[in-house]
Structure formats: C-alpha cells, structure tokens
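What follows is the residue order along each chain.
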Amino acid sequence: MAFARTCSVALVGVEGVVVEVQADLEPGVAAFTLVGLPDKSLTESKDRVRAAVVNSGAAWPQKKLTVGLSPASVPKSGSGFDLAVAAAVLGAAERVDPRVLADIVMIGELGLDGRVRPVRGILPAVLAAAESGYEQVVVPECAAAEASLVPGVSVLGVRSLRQLIAVLADEPVPDEEPDELGRPDPLLAGLRVPGTGAATGMHSAGAAHHDPGHDLADVVGQDAARTAVEISAAGGHHLFLEGPPGAGKTMLAERMPAILPRLSRQDSLEVTAVHSVAGLLPPGKPLIDVAPYCAPHHSATMQALVGGGPNMARPGAVSLSHRGILFLDETPEFSGQALDALRQPLESGYVVIARSAGVVRFPARFQMVLAANPCPCGRFSQKDDFCDCPPMAIRRYQARVSGPLLDRVDLRVTVDRVTREELGAYGARGESTATVADRVRAARERAAARLADTPWHTNSEVPGRELRSRWHAVRGAMDEAERSLERGALTARGIDRVLRVAWTVADLKGHDRPDETDVLLALQLRTGVARGALSSTRVPV
C-alpha cells in the first residue's frame, strides 16, 4: 500500500483544528511535495523529516512523495507537524502498519538526528484532539506531563523517532543515551520564547501564594486602599489607584495576586493553554493553578497589550493575565491608542484579532489594576500645595486616561502620602496576606453559591439586567445611587457597577443582600466622594 494517513493539530490562537496528514507514494522521479497551505517553517519540515528518518535507521522511499495536510483551507504553521509527516511517510513506505496510524494524533518537532523536540501549544492541541474524539496522542517525552492534563486521552511520550517506529512496529524499544549530568536538556530549548520570564512582568510566578516577599502586612497605613484591594479581589472588580510616588500603589498591586483564590480546574486549563501557546509555561510546572500577574512596561504597544504580530497573532498582555491581574503602572504614560484598545476585552472577556492570515480569538477575562500619579510632578494634592504644575498641565495629564476607560473601572481610590507617624509605628503592622485571603475566599464561596446555576462565577461578571431583575438590594438602599444617576454623576453602566460592588461588600460582611451601608461604600469607592458615616479614612469591611 502506497498511502497512509495520521493526524496532527493546527492551532488558530488557542483553539485547535485536527489536521489529517496524508502521504502518497507514486512511481517516478524521487521528489517530496508538501501541500495544504503550509507556511515557511512548515515547508522546511521536508528537509528535517528526511534527515530524521535516515538518521533513525529507516530507508527513505526513492519515489515521488506527496504529503497533504487536510483541510487545505486552514492555515498551518510551525514545526509541530514534523512527527506526523514522518509517521505518514513511513506508513506509506510500509515500514510501519498504516492501519495503526489512522487514529493517532502526533505533535512534535524533529531534529536532524531524529530526536523529538517539544513545541508550544501542546495543551490546547491535545484538548482539540480530545474534543474531536481521538483517544491516543503521541507527544515529545518532556511535554507528556502537560498533555496528560487532558482527561480521557492516552498519552505516549517519545524521545526519538526511533522509539516511535519501534512502538508502532511492535519491536523492542531502544534506549536513548542519557544526556550528561548537570547539563540542561537540549530538547527543552525553544519551548520558552527567548526574552520572556520574570524580568518582563509577563509571567505567573508573581502569584505564588507562598511568596514571603509580597505580604500585605508590609504596606504601611493606606486603610482605604487596602479595603479597596480586598473588595477588588473578592469580586473581580477593576481598580484605579491614584497617588503621589512612594505612597504604596505598586506594593498593593503586587500583593493582589496572592490574596486571590487558587484557580479552578477549568480556569487552570484555560490559563495554561494561553501560556503554552505564548511559550511562558514555568519550567517543571505544566499546570498553572494560581492567578497570573502581568505588568507590562508603559512603552508597550497596542499589539503587545491586546495581541498581534506578523502572520498569525500571538496572545498579548490581556490574554496572559486571563483569570489574573493586569497591572498598568504609570497608566497616563501608556499611549492613548493602547489604553483604548482595552475597552472591548474589559466588556466581553475575550479579544478577536483579524489578520490577513486569519482571525484568532484569545480569552481575556482579567482584573485591571491602574496606578497613576495625580500630576506630572506627582505632588498634587487637595491637602497641601507642594505641586509646581500649572492647572492646565494637571488637566492635560489626567486626561490621558480616557473617560470611557475609567467608566469601566469599579473602584477608584486616592492613595495618600504616608506620614511620619505611620512610618514610625513599628508595631502597627496591617493584616497579613493570609488573613485577607481567607476573607476573600469566603466571600467568593458565598458568591459562587448564589451564582451556582448561572454561567458566572464572580460578581463582576453578572450582567446589569440580571442584577436588576434577580438580585436586588434592600429596599431603598439604591436611592442615593439613583439620585447620582439623575444628576449625571453616574452613567447607566456606573450604577450597575455600584450594585456589583455592593454585592461584593455584602459577601465580605456576610449579609444576605446589600443594605444602604454596603451601597454607600460602593458608591464612595466608585466616585471618590465621602458619604456620611463613611467619611473617615478607615473604611471597615
């Protein structure tokens, strides 16, 4: 038989399409043709596969060889098809039984010596294979742990093409020579994108719950800001911190991921799939189960924030922070175009990027934390006159963050300058991260129980129409918020967000429904205007 087929997966964003890899041998001049809309990196697989097959001890067929990737209308890129192409060629040459290959999905890059190297996006590729009904997957040995996260799929990890041939032909599996002790595994090279990691602010290590270097107890004073951080974490609300340099805005934002609950199994798979496609999976940790933290520099472009790049788009910061924190420090220094590009993912929870090579969709359900100085010099305040900036410069600086973007922020807090007395009170440490995290977890459990039969998990995800029709506040509690709407101090979106925050405050306090105090606190945190009994700096929750 001069025909064989097997399967691989083409990734479009974080979604996979199962591709049938067909190999056909015909009499004629020896040639190798690859069809099916491959890109440059996939076209180069012809030379890699030929060398890998020969160096693995198998004979290369001296006939006219055609390899087709079906469906041909789907763009295909990357080197992850190498293993499937080699297996299909060997099946057509009858080195292995073609019937064994038909129901197996193979993902992996081949080295010239026949070793199987890992590729990015193993998890979403295996998820796509499982959803299409395939039960057997072959992946590189070092990526088998990531592929095994998908239930109901039998995963075979191979280190070389020689081993795969032996398994498919039911022959003794050869042992590969181990690498030198103490040297890094060369097969892991390329699994992570160069120039990424903790130094870039696009990683998940900052959310480690056991990190002793990021504790809320280190924050001096800032009672109102700490309350806002707790409410933001409990309900998944967006937060804007404004204050002079050195007041603690960045400290508060860096400690937010640690008070968030651990991710559910479904959320972990979503986050891991995005980081796998981006090449940002932490070494030795195939599953990300803590909230990611992404803090891009203010010089980041719009493509870096929402995703993009040549050919098929790559995930941006909003997708890398999916189910976690996106922290934009020095927010007015970001370009207006980049900031305004955040409006759509803030509302929808995903990003759709259209390119000539295709349209991709990335998840982007994140918590946005903004931090800004009040003016160019950073010393503007209602309490003192240290600022040297003219009024026009202050207004121009604050206008860099557009009104429509701020309207999507639930909590706005002024972080005041730390006083000498607060710094000198050595014994007056605030609550620790563990204490606040326990309250946040309890509040999220209350919200999850209330939303059990709905597609939403946190208060920030509930649409306004559902809040108004199904989950009411106590009678008369929303009167002040409705008067603010009539005066134009709140928009229709704003009053919905006030009610969402009020439900989070009620969950933290253990109330069955938001009362007037809960709504007033939410309204104060929304508008920044002190109201009645909540006028003190300390706002207890």
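As a convention, each chain's residues are numbered from 1 in the sequence order in which they are written. Totals for whole chains, interfaces and linings use every residue, but because this is a predicted model, local features are given only for residues with pLDDT of at least 70 and side-chain atom pairs only at 80 or more, for both listing and counting. Computation of side-chain values: all heavy atoms of the structure, hydrogens and water removed.

Peer 1: Let's hear about the overall build of the chain: which residues, and what values?
Peer 2: Each helix corresponds to a stretch of at least 4 residues labelled H or I by DSSP, and each strand to a stretch of at least 2 residues labelled E; elements are numbered beginning at the N terminus. Secondary structure assignment for the chain yields 22 helices and 17 strands. Relative accessibility under 20% of the residue-type maximum defines a buried residue, over 50% an exposed one, and the middle range a partly exposed one, all with a 1.4 Å probe and only protein chains included. A total of 541 residues make up the chain; the buried ones form 50% of that total. Should any heavy atoms of two residues lie within 4.5 Å, those residues are counted as being in contact. Contacts spanning at least 24 positions in sequence make up 72% of the contacts within the chain whose residues lie at least 6 apart. Note that accessible areas follow from Shrake-Rupley with a 1.4 Å probe, and for residues the cover is restricted to the protein chains shown. A total of about 24000 Å² of accessible surface is found on the chain, and carbon and sulfur atoms cover 52% of it.

Peer 1: An account of the environment of G157 is needed here, citing residue identities and associated values.
Peer 2: Within the element layout of this structure, G157 appears in strand β9 (residues 154-158). For G157, a relative accessible area of 27% gives the class partly exposed. In this structure the C-alpha to C-alpha distance between G157 and E141, which are 16 residues apart in sequence, comes to 3.9 Å. Discounting residues that sit within four places of it in the chain, G157 has contacts with V139, P140, E141 and A144.

Peer 1: So what about the nonpolar core? Which residues, and what values?
Peer 2: One broad trend across soluble globular proteins is that nonpolar side chains are buried collectively. By size, the foremost hydrophobic cluster in this structure holds 75 residues, and its most contacted members are V67, M106, L161 and L342. When residues of this core are assigned to their parent elements, the largest contribution, nine residues, is made by helix α3 (residues 82-92). In this structure, A253, V505, V519 and A522 belong to the second largest nonpolar core, which totals 52 residues. Here, the term nonpolar core denotes a set of buried Ala, Val, Leu, Ile, Met, Phe, Trp, Tyr and Cys residues that are joined through side-chain atoms within 4.5 Å.

Peer 1: Outline the pattern of salt bridges, listing residues and values.
Peer 2: Take a side-chain nitrogen of Lys or Arg and a carboxyl oxygen of Asp or Glu: if they are within 4 Å of each other, that pair is a salt bridge. Under the definition given, this model contains 31 salt bridges. A salt bridge links E254 to R255, with the shortest nitrogen-to-oxygen separation between them at 4.0 Å. Judged by its relative accessible area of 29%, E254 falls in the partly exposed class. Linking D340 and R343 is a salt bridge whose minimum nitrogen-to-oxygen distance equals 3.1 Å. Judged by relative accessible area, D340 falls into the partly exposed class, the value being 31%. A residue is classified by how much of its surface remains accessible, and R343, at 26% relative accessible area, is partly exposed.

Peer 1: Account for the pairing of strand β16 (residues 367-372), with residues named and values stated.
Peer 2: Counting buried positions along β16 yields six of six residues, so the element is predominantly enclosed. Because side chains alternate across β16, one face comprises the buried residues Q367, V369 and A371, and the other comprises M368, L370 and A372, equally buried. Alignment of strand β11 (residues 239-242) against β16, held across four bridges, turns out to be parallel. Residue L241 lies in a different strand from β16, and its bridge partner there is A371. Here a strand pair is declared whenever DSSP counts at least two bridges between the two strands.

Peer 1: Let's hear about a negative patch on the surface: which residues, and what values?
Peer 2: Patches were defined on residues exceeding 30% relative accessible area and lacking a salt bridge, with like-charge contacts within 9 Å and nonpolar side-chain contacts (Val, Leu, Ile, Met, Phe, Trp, Tyr) within 5 Å. Residues scored as charged are limited to Lys and Arg (positive) and Asp and Glu (negative), so that His and the chain ends carry no count. Charge coordinates come from a single atom per side chain, which is NZ of Lys, CZ of Arg, CG of Asp or CD of Glu. A grouping of D479, E482, E486 and E516 is seen on the molecular surface, where their side chains present a negatively charged patch. A total of three residues in the negative patch trace back to one element, the largest contributor, which is helix α20 (residues 479-487). Counting through the fold element by element, D479 comes out in helix α20.

Peer 1: Now, about α3: what can you tell me, with residues and values included?
Peer 2: Buried residues dominate α3, accounting for 11 of its 11 residues. Where α3 is concerned, the buried positions are D82, L83, A84, V85, A86, A87, A88, V89, L90, G91 and A92. After α3 finishes, the residue E94 shows a positive phi value of roughly 65 degrees.

Peer 1: Give a description of the packing of aromatic side chains that names residues and reports values.
Peer 2: Planes of paired rings set the category: under 30 degrees apart is stacked, over 60 is edge-to-face and the rest tilted, where pairs are Phe, Tyr or Trp rings (Trp by its six-membered ring) whose centres lie within 6.5 Å. Applying the stated criterion to the full structure yields one aromatic pair. Relative to W60, the ring of F32 lies with its centre 5.6 Å away and its plane at 45 degrees, an arrangement referred to as tilted. Placement of F32 in strand β3 (residues 31-35) and of W60 in the loop between α2 (45-55) and β4 (64-70) is noted, with a sequence separation of 28 residues between them. The two residues F32 and W60 agree in class, both being buried. The aromatic ring of Y350 is capped on one face by R361, whose charged end is 3.8 Å from the ring centroid. Only lysine NZ and arginine CZ atoms are considered, and such an atom sits over a ring when it is within 6 Å of the ring centre and within 35 degrees of the ring normal.

Peer 1: Tell me about the environment of K285, and please be specific about residues and values.
Peer 2: Its place among the elements puts K285 in the loop between α10 (265-278) and β12 (293-294). Assessed through its relative accessible area of 34%, K285 is described here as partly exposed. Between the alpha carbons of K285 and T272 there is a distance of 9.8 Å; along the sequence they are 13 residues apart.

Peer 1: Give a description of the packing of helix α18 (residues 433-450) against helix α21 (residues 492-509) that names residues and reports values.
Peer 2: Between the N-to-C directions of two axes lies an angle of 0 to 180 degrees, each axis being a line fitted to C-alpha atoms and, for a helix, fitted only over the stretch in contact. Close contact between α18 and α21 brings their axes to 8 Å; oriented N to C, the two are set at 115 degrees. Read as a crossing pair, α18 and α21 show a hand that is right-handed. Contacts between α18 and α21 involve R439, A443, R446, A447 and R450 from the former and W503, D507 and L508 from the latter. Class assignment for the residues of the contact of α18 with α21 results in four nonpolar, no polar and four charged. Helix crossings fall into two classes, left-handed where the near helix is turned counterclockwise from the far one by less than a right angle and right-handed where it is turned clockwise. For this classification, Asp, Glu, Lys and Arg are treated as charged, while Ala, Val, Leu, Ile, Met, Phe, Trp, Tyr, Cys and Pro are nonpolar and the rest, including Gly, are polar.

Peer 1: I'd like a rundown of the environment of L101, residues and numbers included.
Peer 2: For L101, the position within the fold is in helix α4 (residues 98-101). In this structure, the C-alpha to C-alpha distance between L101 and G91, residues 10 residues apart in sequence, is 7.5 Å. For L101, the residues in contact, after removing those within four places along its chain, are R5, T6, A87, A88, G91, V96, M106 and L168.

Peer 1: Explain the side chain of S276 to me, using residue names and the numbers behind them.
Peer 2: Mapped onto the elements, S276 comes out in helix α10. Pairing of N or O atoms within 3.5 Å defines a polar contact, subject to two protein rules: one partner must be a possible hydrogen donor and the other a possible acceptor, and residues neighboring in sequence count only if both atoms are side-chain atoms. Reaching out from S276, the side chain makes a polar contact with the side chain of E146 at a distance of 2.7 Å.

Peer 1: So, the packing of α2 against α3: which residues are in play, and what are the values?
Peer 2: Where α2 meets α3, the axes come as close as 10 Å, and the angle between the chain directions of the two elements is 60 degrees. Comparing their axes, α3 and α2 come out oblique. As α2 runs across α3, the sense of the crossing is right-handed. The segment α2 lies against α3, with S45, R48, V49 and V53 engaging D82, V85, A86 and L90. Its residues placed into classes, the contact of α2 with α3 shows five nonpolar, one polar and two charged. Angles below 35 degrees are treated as roughly parallel, those above 145 as roughly antiparallel, those between 65 and 115 as roughly perpendicular, and all remaining angles as oblique.

Peer 1: Give a description of unusual backbone geometry that names residues and reports values.
Peer 2: The omega torsion across S70 and P71 is 10 degrees, close enough to zero to call that bond cis. One can find P71 in the loop between β4 and α3. In this structure, E330 is a non-glycine residue whose phi angle is positive, near 55 degrees. Along the chain, E330 turns up in the loop between β13 (325-328) and α13 (336-340).

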